[in-house]
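Chain and residue survey
As a plain string of letters, each chain reads:
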Protein chains: 2
Amino acid sequence: MAIRIGILGYGNLGKGIECAIKQNSDMELVAVFTRRAPESVKILTPGVSVYSVDEAVSKKDEIDVLILCGGSATDLPVQTPEYAKYFNVVDSFDTHAKIPEHFANVDESAKANGKVAMISVGWDPGMFSLNRLYANAILPDGKDYTFWGKGVSQGHSDAIRRVEGVKDGKQYTIPVDSALEAVRSGSNPELTTRQKHIRECFVVAEEGADLAKIEQEIKSMPNYFADYDTIVNFISEEDLKANHSGIPHGGFVIRSGQTGWDGEHKHIVEYSLKLDSNPEFTASVIVAYARAAYRMQKEGQTGCKTVFDVAPAYLSPCSAEDLRAHLL
Amino acid sequence: MAIRIGILGYGNLGKGIECAIKQNSDMELVAVFTRRAPESVKILTPGVSVYSVDEAVSKKDEIDVLILCGGSATDLPVQTPEYAKYFNVVDSFDTHAKIPEHFANVDESAKANGKVAMISVGWDPGMFSLNRLYANAILPDGKDYTFWGKGVSQGHSDAIRRVEGVKDGKQYTIPVDSALEAVRSGSNPELTTRQKHIRECFVVAEEGADLAKIEQEIKSMPNYFADYDTIVNFISEEDLKANHSGIPHGGFVIRSGQTGWDGEHKHIVEYSLKLDSNPEFTASVIVAYARAAYRMQKEGQTGCKTVFDVAPAYLSPCSAEDLRAHLL
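Structural notes, computed from the coordinates.

What to know about the packing of aromatic side chains
Taken as a whole and assessed by the stated rule, the structure comprises eleven aromatic pairs over all chains. An aromatic cluster of three or more residues is present, and its members are W123, F128 and Y271 of chain A. K22 of chain A extends its terminal NZ or CZ atom over the ring of W261 of chain B, reaching a point 4.3 Å from the ring centre. Sitting over the ring of F147 of chain A, K196 of chain A keeps its end group 5.2 Å from the ring centre.

Next comes the structure, spelled out in structure tokens:
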């Protein structure tokens with residue numbers, strides 16, 4: 001019998017979950033819940049209904065894992081502890097600094113109700129975190145580097161669009177090649193924010209707007225752009241639509257470390273992602289962890305879990321015997 | 001209290017384990033066991049004794065994890081099931097085809113005696129296997145590629161040295177750049193053995209040997225070289241010692257996959273290692289899994305485990321809280 005999945009929130013991530021379920025024959029989408037008017041939400045999977053979020057709890061016996069696709073700022077801090085009372089859940093909470101607090105809230109709720117709740121699943125936090133942990137455990141004497149991109153940063157694109165005179169815009173985070181090469185060489189460089197990433201903006205200005213003023217305002221924006229070398233390109237609305245409508249992303253996690261009695265041997269461990277679609281890849285990670293959540297709860301585990309707590313075998317639809325014979 | 005480690009077998013791997021223990025303050029080397037005359041084996045750690053392998057079992061109450069550093073061909077198939085009766089053990093059994101059989105033997109012995117036995121720990125099998133599993137679980141619709149090198153292959157170097165007229169030799173396995181680039185492009189190429197790797201040999205010939213005959217014999221050797229483009233370089237003994245005495249290795253695990261309702265988005269997941277010392281890196285992985293073996297047995301788990309069965313948090317000396325706060 002397939003693992004029955006519910007999706008709460010049908011934006012880019014929710015749609016990505018729907019697509020990922022289609023690729024996994026041991027999983028089945030049974031319901032999508034939305035805060036919008038259900039009849040206004042069209043999904044891709046034939047025969048599956050869209051319900052108001054108010055109906056979610058009433059369907060708890062028909063769903064093995066509920067995947068929460070809300071935002072980290074205001075949705076998930078409320079939703080994850082609440083729905084972990086009724087469902088095994090997975091979320092992609094990505095406010096790194098608030099993970100300990102979120103974990104505590106979710107753990108209490110999930111434990112009290114015998115559910116497994118996986119938080120902060122995706123690629124960062126998620127696969128990047130895992131690779132930081134593995135490489136740190138293997139090479140305790142070393143240095144970590146994380147680079148992001150080339151990819152679209154939603155937060156920085158939003159920041160551009162708030163500038164006066166800007167009609168639309170997209171921002172790409174780009175790792176600096178020479179910094180990547182320095183890290184790969186094993187020289188353990190100290191890198192400033194500016195040395196690690198470039199920010200490139202594609203901006204559609206309102207008619208008659210002062211372009212020099214917009215460029216200056218973007219480049220000097222604290223937190224977002226002031227600490228970076230920022231490139232501002234003004235383009236037409238058509239150009240933005242034709243060439244910048246995707247949501248690619250990716251990045252690199254590198255650990256450079258030493259072994260030997262006197263640290264005489266160097267090692268570089270590198271993990272990288274090159275993603276055409278950030279939300280679809282994130283969704284694909286989440287669906288694998290939904291499988292793990294279901295299995296772990298079936299075995300009697302409860303409480304809040306992160307990717308650090310999940311033995312890799314739980315993620316695969318293959319049996320332990322098959323994994324040992326074919327992937328080990 | 002530190003985790004008390006014993007090492008059985010003091011070759012390159014055993015010495016690497018000793019060095020790795022020095023880098024991990026929660027671990028302590030308590031004994032080295034050898035088949036050689038103990039007084040002939042000099043180790044690096046002050047105050048630690050070398051014993052005959054015959055004394056190992058008598059020290060079972062002083063050792064939390066015994067690390068088995070023998071070979072996969074004849075040592076480990078016997079040693080791992082035997083010592084799992086008395087100790088938590090870790091081995092680096094790397095005969096991929098025989099893993100299921102080895103697992104069954106070790107599992108029976110470890111379970112019957114309440115021990116945890118980790119097998120096939122290292123980087124391939126080991127970290128490469130993990131990365132194959134993760135990427136397959138995330139991207140079920142895709143294709144795996146593993147490249148090895150640039151690095152020294154012990155088996156192929158031994159094969160060269162068996163050729164008549166060869167005094168010494170070293171073989172490097174080198175991934176073909178254009179094949180790597182084709183894989184990274186997402187084109188999912190079908191690659192033959194010859195297209196993926198080059199084999200480069202550095203050979204010291206006996207005086208007066210027929211070089212053309214040696215080169216021909218190496219290049220046509222079935223299984224080892226016949227299916228590859230092989231380069232044979234004749235060099236002096238001094239050159240071999242000066243420039244080819246290291247044991248570097250590494251490689252790449254790449255999965256290229258698709259997501260989206262119609263597979264319209266491509267993704268590349270890549271894990272790579274660049275290692276100055278193959279045995280020291282392998283040893284560093286093993287020591288992290290020794291920590292996991294100790295903890296898992298303390299929690300009441302028993303039996304044979306592989307890297308697939310170990311939740312990542314067990315590998316780190318940090319607490320779950322610290323990991324969530326700093327690495328997630």
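Moving on from the coordinates now.
Description of the sheet that holds strand β3 (residues 49–52) of chain A
All names here are of chain A. The seven strands lie next to each other as β3-β2-β1-β4-β5-β6-β14, forming an open sheet whose pairing is parallel. Bordering the open sheet on either side are β3 and β14 (303–305), each of which pairs with just one other strand. Strand-to-strand twist in this sheet, taken as the mean axis angle between neighbours without regard to direction, amounts to 25°. Packing of helix α1 (residues 12–22) onto the sheet brings it into contact with β1 (3–8), β2 (27–34) and β4 (65–68), and relative to β1 it is tilted by some 165°. Sheet contacts for helix α3 (residues 99–112): β6 (116–118) and β14; angle to β14, the most-contacted strand, approximately 135°.

Comments concerning the sheet that holds strand β14 (residues 303–305) of chain B
All names here are of chain B. Taken in spatial order, the seven strands line up as β3-β2-β1-β4-β5-β6-β14 in an open sheet, and their pairing is parallel. Single-partner strands in this sheet number two, and they are β3 (49–52) and β14. Sheet twist, expressed as the average angle between the axes of neighbouring strands with direction ignored, equals 25°. Bridge count for strand β1 (residues 3–8) against strand β2 (residues 27–34) is six bridges, and the pairing is parallel. In the sheet register, G6 faces β2, and the bridge partner there is A31. This element, helix α3 (residues 99–112), spans β6 (116–118) and β14 of the sheet and lies at about 135° to β14.

Concerning the pattern of salt bridges
Should the charged atoms of two oppositely charged side chains come close, the side chains can pair. For the structure shown, the criterion picks out 34 salt bridges over all chains. The salt bridge partner of E237 of chain A is K167 of chain A, with a shortest N-O separation of 3.0 Å. Taken together, the residues E237 of chain A in helix α9 (residues 237–243) and K167 of chain A in strand β9 (residues 166–175) connect sequence positions 70 residues apart. E237 of chain A gets classed as partly exposed once you look at its relative accessible area, which sits at 30%. Among the ionic pairs, R184 of chain B bridges to E270 of chain B, the shortest N-O distance being 2.8 Å. Separated by 86 residues along the polypeptide, R184 of chain B in helix α6 (residues 177–184) and E270 of chain B in strand β13 (residues 265–275) bring together distant segments of the chain. Here R184 of chain B falls in the partly exposed class, since its relative accessible area comes to 21%. Through salt bridges with shared partners, a single network forms among D158, R161 and D168 of chain A.

Parameters at a glance
- Residues numbered from 1 in each chain as written.
- Chains lettered and ligands numbered in written order.
- Predicted model: local features only at pLDDT ≥ 70, side-chain atom pairs only at ≥ 80, totals over all residues.
- Heavy atoms only, no water.
- Phe/Tyr/Trp six-rings, centres within 6.5 Å; stacked < 30°, edge-to-face > 60°.
- Lys NZ or Arg CZ within 6 Å of the ring centre and 35° of its normal.
- Pairing = 2+ DSSP bridges.
- Helix = DSSP H or I, 4+ residues; strand = E, 2+ residues; numbered from the N terminus.
- Axes fitted to C-alpha atoms, helices over the stretch in contact; angles between N-to-C directions.
- Contact = heavy atoms within 4.5 Å.
- Salt bridge = Lys/Arg side-chain N within 4 Å of Asp/Glu carboxyl O.
- Buried < 20%, exposed > 50% of the residue type's maximum accessible area, 1.4 Å probe, protein only.

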